[in-house]
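# Fold and geometry: a report
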Amino acid sequence: MKHWTIGVDVGGTEIKFGLFNEVLKEKWSIPTNVSDNGVHILSEIADAIAEKCRVMDISVSSLVGIGMGLPGPVLDGNIVKECVNLGWSEVAAAGELSGLLAERMGCSPAEIPVKAANDANVAALGEMWRGGGRSCTSLVMVTLGTGIGGGIVINGKILNGAFGCAGEIGHIICVEDEDITEKCSCGNRGCLEQIGSATGIVKYTKLWLSRSDMPSVLRQILQEKGSISAKDVFDAGKAGDEAAEQIIDRVTGYLGRALAGICAVVNPECVLIGGGVSAAGEYLREKVARNFKEQAFSGIKNTPVRLAVLGNEAGITGAAYMMISERK
Ligand SMILES: [Zn+2]
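Computed from a predicted structure; not experimentally measured.

Running from amino to carboxyl end, helix α6 (residues 198-210) crosses helix α7 (residues 217-225) at an angle of 110 degrees, the nearest separation of the two axes being 11 Å. Between α6 and α7, the crossing angle belongs to the class labelled roughly perpendicular. Here α6 and α7 pass one another in a crossing that is left-handed. Where α6 approaches α7, its residues Thr205, Lys206 and Leu209 are matched on the opposing element by Leu218, Arg219 and Leu222. Class assignment for the residues of the contact of α6 with α7 results in three nonpolar, one polar and two charged.

Glancing now at the side chain of threonine 303. For threonine 303, the location among the structural elements is in the loop between α10 (282-295) and β13 (305-307). For threonine 303, a relative accessible area of 10% translates into the label buried. For threonine 303, the contacting residues outside a window of four places in its chain are Pro268, Glu269, Cys270, Val271 and Phe292.

Here helix α4 (residues 119-130) is twelve residues long and its end C-alpha atoms lie 16 Å apart, about the 16 Å a rise of 1.5 Å per residue gives. Of all twelve residues in α4, ten are buried, a share of seventy percent or more. If you check which residues of α4 are buried, you get Ala120, Asn121, Val122, Ala123, Ala124, Leu125, Gly126, Glu127, Met128 and Trp129. Capping of α4 at its N-terminal end is provided by asparagine 118; its side-chain oxygen lies 3.0 Å from the backbone amide nitrogen of alanine 120.

The next thing to look at is the packing of aromatic side chains. In total, this model carries four aromatic pairs according to the counting rule given. Residues phenylalanine 20 and tryptophan 129 carry aromatic rings whose centres are separated by 5.9 Å and whose planes lie at 45 degrees to one another, so their mutual orientation is tilted. Of this pair, phenylalanine 20 sits in strand β2 (residues 14-21) while tryptophan 129 sits in helix α4, and the two are 109 residues apart along the sequence. For the pair formed by phenylalanine 20 and tryptophan 129, the shared burial category is buried. The interplanar angle of 20 degrees and the centroid separation of 4.9 Å between the aromatic rings of tryptophan 129 and tyrosine 321 together place this pair among those described as stacked.

Thresholds, definitions, all that
Residues numbered from 1 in each chain as written. Predicted model: local features only at pLDDT ≥ 70, side-chain atom pairs only at ≥ 80, totals over all residues. Heavy atoms only, no water. Axes fitted to C-alpha atoms, helices over the stretch in contact; angles between N-to-C directions. Helix = DSSP H or I, 4+ residues; strand = E, 2+ residues; numbered from the N terminus. Parallel < 35°, antiparallel > 145°, perpendicular 65-115°, else oblique. Left-handed = near helix turned anticlockwise from the far one by under 90°. Contact = heavy atoms within 4.5 Å. Nonpolar A, V, L, I, M, F, W, Y, C, P; charged D, E, K, R; others polar. Buried < 20%, exposed > 50% of the residue type's maximum accessible area, 1.4 Å probe, protein only. Expected span 1.5 Å × (residues − 1). Polar contact = N/O pair within 3.5 Å; in protein donor to acceptor, adjacent residues only side chain to side chain. Phe/Tyr/Trp six-rings, centres within 6.5 Å; stacked < 30°, edge-to-face > 60°.

So this is what it looks like as structure tokens:
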């Protein structure tokens, strides 16, 4: 009977694996080998999976398949046109991994199905299956990390989009010119990522402080450490620092605005906030939710805004569920 599924979350520095039998039985990771333009990555993934199956005595016939999250747009559950973090240009990632596993496990590629999708999209699916969106079949998740990622799930399935770019919430242009000083990494100006990501929050905080003479603990931190983090800003806000509160109000205003726009189009059952910045917890959630409600039109105002809960297990969980749900 087929009951084992493996979820793989491929990042620029680490590849995470999760072995699922409805629940997460075991997780492990290997470093990402980005040498030679990432040409070894898929064979090292295949080695790691084949070895785990051998040790756990998991036969090919008991494997549902492998789901894989990749840090770039993915077409047809398989093809990546470009993955900058991995050094890849066009790679048929799922097909190649299936072939590599078949070689190692002595079967045909058809017996080891592999499906790939964008990492932020599979994270959203993971949160729907086992996380903050557990009661929902449609949701929008925004991941606030170094950049901003996002994923959209509709009727229990990832919305990949025609070019694999659905859910790229970070590049919605919504930031006023006065709040930024440079262009986004994508080449445009005013993307949500420029103010709402951890990097963006730090840049905006420095800009805000340079234009104001309001006393703030953030000035001391900058002076003492020579740098500041998004966490410093949220900690200061939580402690009642007025400058930090004004900065966070502005940042969460933009997050609320972008999410209100997305929800007007998608109308999901809930919105989830994940990623490293979401460690700011209820303090952040409440502000985003309030700003969302203020800027959302009446029909979607009551969409719940919640925190994601799976942390860095969201990727492996969603990747596995992508395969499990195919069979249902
Ligand atoms: Zn951008």
